[in-house]
Amino acid sequence: MSDAAVVMKGVRKTFGDKVAVDDLNLVVPRGVVCGFIGPNGAGKTTTIRMIMSILFPDQGEIGVLGKRSAMESRDLIGYLPEERGLYRKMKVAVFLGYIARLKGLDGGPADAKVKQWLERVSLGDSARKKCEELSKGMQQKVQFIASVIHEPELIILDEVFSGLDPVNRRLMRELIEEQHGAGRTIIFSTHAMFEAEQLCEQVFMIHNGRKMLDGSLREITAQFNPRSLIVETMNPDDAPQLSSVPGVARVSTGSQRGASLGVVEVSVDEASQPARVMSEIVNRIDVRRIEIKRVTLEDVFLEVVRRAGGGDIDPALLARSSSGSSESGGES
Amino acid sequence: MKRTMQIASREFLSVVLTRAFLIGILIVPIMMAVVVIAISLVPKSPAVSGRIVVLDQSGLVGVLVEQRFSDEGVREEAEADGRKVKAMMKDAMSQVAVPEATRTMVDKQIEEARKASPAGKGSGARLSVELLKPDADIEKVKDEIRVSQIRAGSDGGTPARLALVIIPEGAVRGASDPSEVRGESDVRVMTWEPHEVFVNPQLDFELQTTINRRVGEAIVDARVASDPRFQNLGLSPARLRELMHRPSAEVKSLTREGEKQSAGALQILVPVAFMILLMMSVMSGGQYLMTALIEEKSNRVMEVLLSAVSPMQLMLGKILGMMGVALLLLAIFGGLGMAGLVAFALADLVPLFKLVWLGVFFIFAFFTIASLMAAIGAAVNEMREAQTLLSPVMMMVMVPWFLWLPISRAPNSTFATVMSFVPALNPFVMVIRMGGSEPIPAWHYPAAAGVAMLTAMAAAWASAKVFRVGVLMYGKPPNLSTLIRWVRMA
């Protein structure tokens, strides 16, 4: 086995007739932050559970931290499951102490660490509360502490940003960066594209159980040629004229707010160069601003799903969300 | 192992330190106390005042009935009742062997109860007797009783008529058939004419019984009094009753150490007590285990735990933790039982080696049942789904109930011996057998324990497989054949 944090080779997993994951190959080097994306039901949680040795693949091999399975390196792994797994009636600090002991920490240091961590995520006051008394976001933070308290080398976070408000999202981002800074490998699955873009060095996308993307964020966005221009005309009334410019396939007004300012998104047809079309537009119409639209991870995500036929996602829904994509951030 | 113990101690504390557990332990004694207090608080009979109308055609019974309802008659009856209860208690106590101190205590309490209600049964009622002339209009009296109002206490005026008693002459002077003479000439088969009692439909049941009893006794007294043979002997009805009282001896068993009060009925109760103890502690421990697992599965703590420990460690830890709970229950209730036996000086009914074997069979029975319960808990998503899978386990626990009597009466029968080697049942069977009266061959203990241990190991092995597959399986609940497939597969 290689020394990478996680290696998967030809992994396949079925539940009855349904193929959850098929022929999955993946290498996550040590010390990177790897984002794991894909539509609902793509097989993300199944993959993560297989890495964790909670489920076992029908075919293929999985190596974790140089060992044959996560079983053998359990104490070096931190895991935050998708759904909140807390004992409802247990007190927060007692619960974390229990988990820390289960992960091999001794009693005294474990309790000191729990206290320190609760302070760090500003839950110091809640140590004596029962888990069920916490809000969803607070529970998520407790859960995060449970996954990192034993200072694991590999941290696997399933849907870590769900249910968090902007303040706590930022806190979570800082915590992940902190762990990254300490040299740990982090794999997290998410639907929050903004956070993924901010954090990831490596992005890994699956759809219908198959790998769609795997590489650094730069490599991936480069594969997706920008074919859209953002144009702001001096006079908002000039915007309709843009569609008569050669090479322009479609003009969409995007959001209501953009339209009233004269900001439109211009799609360039397959045959033309975006730069040519840009100079054409500048020659014909007075513009305040014109730029090639930056490709976001969200655009890539939607494009991949669209090309793959959408699976069980309605194509009309995809087209609509794509045009307004620059306005919506974060979780989609 | 350290982590397994961590899990075990958490499971133990999470059950034992809850209010529900404490209440569960206390509920039985509390309920018993409540019932005892409630019964003692219920008034014996309502305070009713009224008249009992007696139509006596024999001319002998009416006066006796009147006497029995007079203040003095009621007092006498109460005293006789007290004597009877005492005798009954003595009889009962000779069955279960009660030390002298307890005996005097019981006597004292009967005495006190009697003093507290001098009138005995029907204390609250004030009933008087009205004798009718033989030519009175019965239908009119019946109509009056039919509509009479039952009132408490006497608010002046004449008390309402509540009951009508008709005593025909033949009830006292019976007819005898000269053809049916048995043996000596004066032993003849008598036939008595029945008497009749009519009451208002609202009259309290206990008062109805009291009336019926007093009238019946008055008739017997009248029969005795009117028979010239008793008069010739100078035998009064009261004297006759004294003579007819059946005495009862205290049964003593002859042991090597000397004479002892016989354990009597307790001898049969010891095996069933052993079995109930075993069953109760095993089942409640198993139930806790199953519910805890279902809950953890549904709130997904399971995944967090499984990222730290292996399914085998988790299951073992949980079983050990719950075994602690079951052992605590066994110690509490068994300890109470032993304390009772010691208090009644009967501790030698349960020698120490039997208690040790009880512990051994408990461990194997618990491991077997708890493994199965853990597998079920891990396989389903909700309590509701667990019910169908539980029925085979329940059967296993119910069967010993049917075996109790045949096995405890004959612990060395072929049937009992064979049953002690049937896997899964044998801990229960052995516990019944060793509580029984006859000693069983010594080698049966280790041999049956061996079978029980192998059963427990097999159950744990199969359950671990189901547990590993089922614990993270959500969705359609599995049926029995699915579970068996999981055992084969994993």
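Since the model is a prediction, treat every value here as computed from it, not as a measurement.

Let us look at the overall build of chain A. Counting its regular elements, chain A contains 11 helices and 13 strands. The burial tally for chain A puts 52% of its 332 residues in the buried class. In chain A, once contacts between residues fewer than 6 apart in sequence are set aside, the share between residues at least 24 apart is 69%. When the accessible surface of chain A is totalled, it reaches about 15200 Å², and 47% of it is carbon and sulfur.

Helices and strands together make up the secondary structure of chain B, namely 18 helices and nine strands. Across the 490 residues of chain B, 42% fall into the buried class. Of the contacts made within chain B by residues no fewer than 6 positions apart, 77% connect residues no fewer than 24 positions apart. Surface summary for chain B: the accessible area is close to 26000 Å², and the carbon and sulfur share equals 65%.

With 23 residues of chain B at the interface, the matching set in chain A holds 23 residues. Here chain B and chain A share an interface that buries about 2300 Å² over both sides, 57% of which is from carbon and sulfur atoms. Along the contact surface separating chain B from chain A lie four salt bridges. Taking the shortest distance from any N to any O, the salt bridge between Glu295 of chain B and Arg88 of chain A comes out at 3.6 Å. The tally of links from chain B across to chain A stands at eight residue pairs in polar contact (both at pLDDT 80 or more). Every element with two or more residues in the side of chain B that touches chain A is listed here: α1 (2-16), α10 (266-298) and α11 (301-308) of chain B. With seven residues, α11 of chain B is the largest single contributor of residues to the side of chain B that touches chain A. Class assignment of the residues belonging to the side of chain B that touches chain A gives a composition of nine nonpolar, four polar and 10 charged.

All names here are of chain B. Relative to each other, helix α12 (residues 311-343) and helix α13 (residues 352-379) sit at 140 degrees, their axes nearing to 10 Å. As summarised for this structure, α12 and α13 are arranged oblique, according to the angle between their axes. Note on packing geometry: the crossing formed by α12 with α13 is right-handed. Seen from α12, the contacting residues are Met315, Leu316, Ile319, Leu320, Met322, Met323, Ala326, Leu327, Leu330 and Met338; seen from α13, they are Leu355, Phe362, Ile363, Phe366, Phe367, Ala370, Ser371 and Ala374.

This next bit is on unusual backbone geometry. The phi torsion at Asp23 of chain A lies on the positive side, around 45 degrees, for a residue other than glycine. Looking at Asp23 of chain A, the relative accessible area reads 45%, which means it is partly exposed.

The next subject is the sheet that holds strand β13 (residues 287-292) of chain A. All names here are of chain A. In spatial order, the strands read β11-β12-β10-β13; together these four strands make up an open sheet with antiparallel pairing. Each having just a single partner strand, β11 (248-252) and β13 make up the two edges of the open sheet. Geometrically, the sheet is characterised by an average inter-axis angle of 25 degrees between neighbouring strands, direction not taken into account. Bridge analysis of strand β10 (residues 228-233) against strand β12 (residues 263-268) gives five bridges, and the strand direction is antiparallel. Of the residues in β12, the one forming a bridge with Ile230 is Glu265. Sheet strands touched by helix α9 (residues 274-284): β10, β11, β12 and β13. Its angle to β13, the strand with the most contacts, is close to 175 degrees.

Turning our eyes to something else, we now look at the pattern of salt bridges. Enumeration according to the criterion identifies 39 salt bridges over all chains in this entry. Residue Arg210 of chain A pairs with Asp22 of chain A through a salt bridge whose shortest N-O separation is 3.0 Å. With a gap of 188 residues between them, Arg210 of chain A in strand β9 (residues 210-216) and Asp22 of chain A in strand β2 (residues 18-28) connect regions that are remote in the sequence. Put simply, Arg88, Lys89 and Glu132 of chain A together with Glu295 of chain B are held in one network by salt bridges that share partners.

Our focus in this paragraph is a positive patch on the surface. A surface patch of like charges, here positive, comprises Lys91, Arg128 and Lys130 of chain A together with Arg19 of chain B. Counting through the fold element by element, Lys130 of chain A comes out in the loop between α3 (107-120) and α4 (136-148).

As a further point, take the pairing of strand β7 (residues 185-189) of chain A. All names here are of chain A. Counting buried residues along β7, five of its five residues qualify, which places the element largely inside the surrounding structure. Alternating positions in β7 separate into two faces, Thr185, Ile187 and Ser189 on one and Ile186 and Phe188 on the other, with burial throughout. Pairing geometry for strand β3 (residues 33-37) and β7, over four bridges, is parallel. In the sheet register, Cys34 faces β7, and the bridge partner there is Ile187. Assessed by its sense of winding, the connection that carries the chain from strand β6 (residues 154-158) through helix α5 (residues 166-181) to β7 is right-handed.

Let us look at α1 of chain B. For α1 of chain B, which comprises 15 residues, the first-to-last C-alpha distance of 21 Å matches the rise-based estimate of 21 Å (1.5 Å per residue) to within 8%. For α1 of chain B, the full list of buried residues reads Arg3, Thr4, Gln6, Ile7, Ala8, Arg10, Glu11, Val15 and Val16 of chain B.

For the rest of this paragraph, the subject is the confidence of the model for chain B. Residue and element names in this part refer to chain B. Confidence in the prediction for chain B averages 80 pLDDT; 83% of positions are at 70 or higher. Confidence over residues 118-122 falls short of pLDDT 50; this stretch has nine contacts with residues more than four positions distant or in other chains. Across the assembled chains, the prediction reports ipTM 0.73 with pTM 0.69.

All right, on to the sheet that holds β3 of chain A then. Residue and element names in this part refer to chain A. Taken together, the six strands give an open sheet; going across it, the order is β5-β6-β7-β3-β8-β9, and neighbouring strands pair in mixed fashion. Because the sheet does not close on itself, it has two edges, and the strands there are β5 (77-80) and β9. Recorded for the sheet is a direction-independent mean angle of 15 degrees between the axes of neighbouring strands. Summarising the sheet, β6 and β7 pair through five bridges and their orientation is parallel. Paired with Ile155 across the strands is Ile186, a residue of β7. Packing of α4 onto the sheet brings it into contact with β5 and β6, and relative to β5 it is tilted by some 165 degrees.

Within the secondary structure, Thr455 of chain B is located in helix α17 (residues 444-470). Residues within four places of Thr455 of chain B in sequence aside, it is in contact with Thr368, Pro423 and Ala424 of chain B.

The description of an aromatic ring pair uses the distance of the two centres, along with the angle that the planes make with each other. All names here are of chain B. Within the structure shown, the criterion is met by 11 aromatic pairs over all chains. Relative to Phe361, the ring of Trp357 lies with its centre 5.9 Å away and its plane at 35 degrees, an arrangement referred to as tilted. A residue pair is termed a helical-turn pair when its members lie 3 or 4 positions apart in one helix, as Trp357 and Phe361 do in helix α13 at four residues. Phe361 gets classed as buried once you look at its relative accessible area, which sits at 0%. An aromatic cluster is present here, built from Phe353, Trp357, Phe361 and Tyr445 joined pairwise through their rings.

Scoring rules and cut-offs
Per chain, the residues get numbers from 1 upward, laid out in the order the sequence is written. Following the order in which they are written, the chains are lettered starting with A and the ligands numbered starting with 1. Whole-chain, interface and lining totals are the exception, using all residues; otherwise, since this is a predicted model, local features are given only for residues with pLDDT of at least 70 and side-chain atom pairs are given and counted only at 80 or more. Hydrogens and water are ignored here; the side-chain numbers use all heavy atoms of the structure. A helix here means a DSSP run of H or I that spans at least four residues, while a strand means a run of E at least two residues long, and both kinds are numbered starting from the N terminus. Partly exposed describes any residue whose relative accessible area lies between the buried limit of under 20% and the exposed limit of over 50%, with all areas from a 1.4 Å probe on protein chains only and scaled to the type maximum. Contacts are assigned to residue pairs that have any heavy atoms within 4.5 Å of one another. The Shrake-Rupley method, run with a 1.4 Å probe, gives the accessible areas here. Residue values count only the displayed protein chains as cover. Once two parts are brought into contact, the accessible area they lose, counted with a 1.4 Å probe and summed over both, makes up the buried area. Each reported salt bridge corresponds to a side-chain nitrogen of Lys or Arg within 4 Å of a carboxyl oxygen of Asp or Glu. Here a polar contact is taken to be a pair of N or O atoms separated by no more than 3.5 Å, where protein atoms must pair a possible hydrogen donor with a possible acceptor and residues adjacent in sequence count only if both atoms sit in side chains. Following the grouping adopted for this structure description, the nonpolar residues are Ala, Val, Leu, Ile, Met, Phe, Trp, Tyr, Cys and Pro, the charged ones are Asp, Glu, Lys and Arg, and the polar ones are all others, Gly among them. Geometry is summarised by axes, namely lines fitted to C-alpha atoms with helices restricted to the contacting stretch, and by angles between N-to-C directions that run from 0 to 180 degrees. For classification purposes, an angle smaller than 35 degrees is called roughly parallel, one larger than 145 roughly antiparallel, one from 65 to 115 roughly perpendicular, and anything else oblique. We call a crossing left-handed when the near helix sits turned anticlockwise from the far one by less than a right angle, and right-handed when that turn is clockwise. Each pair of strands is called paired provided DSSP finds at least two bridges between the two strands. Patch building starts from residues that exceed 30% relative accessible area and form no salt bridge, then joins like charges within 9 Å and nonpolar side chains (Val, Leu, Ile, Met, Phe, Trp, Tyr) within 5 Å. Residues scored as charged are limited to Lys and Arg (positive) and Asp and Glu (negative), so that His and the chain ends carry no count. Where a charge sits is defined by one atom per residue type, namely NZ (Lys), CZ (Arg), CG (Asp) or CD (Glu). A right-handed crossover is one whose linking path, passing over the helix from the first strand to the second, runs clockwise when the strands point away from the viewer. In a helix, the anticipated span is given by 1.5 Å times the number of residues less one. Residue-level confidence of the predictor is what pLDDT reports, using numbers from 0 through 100. Between the rings of Phe, Tyr and Trp (Trp by its six-membered ring), a pair exists once the centres lie within 6.5 Å; its type follows the angle of the planes, with under 30 degrees stacked, over 60 edge-to-face, and the other angles tilted.

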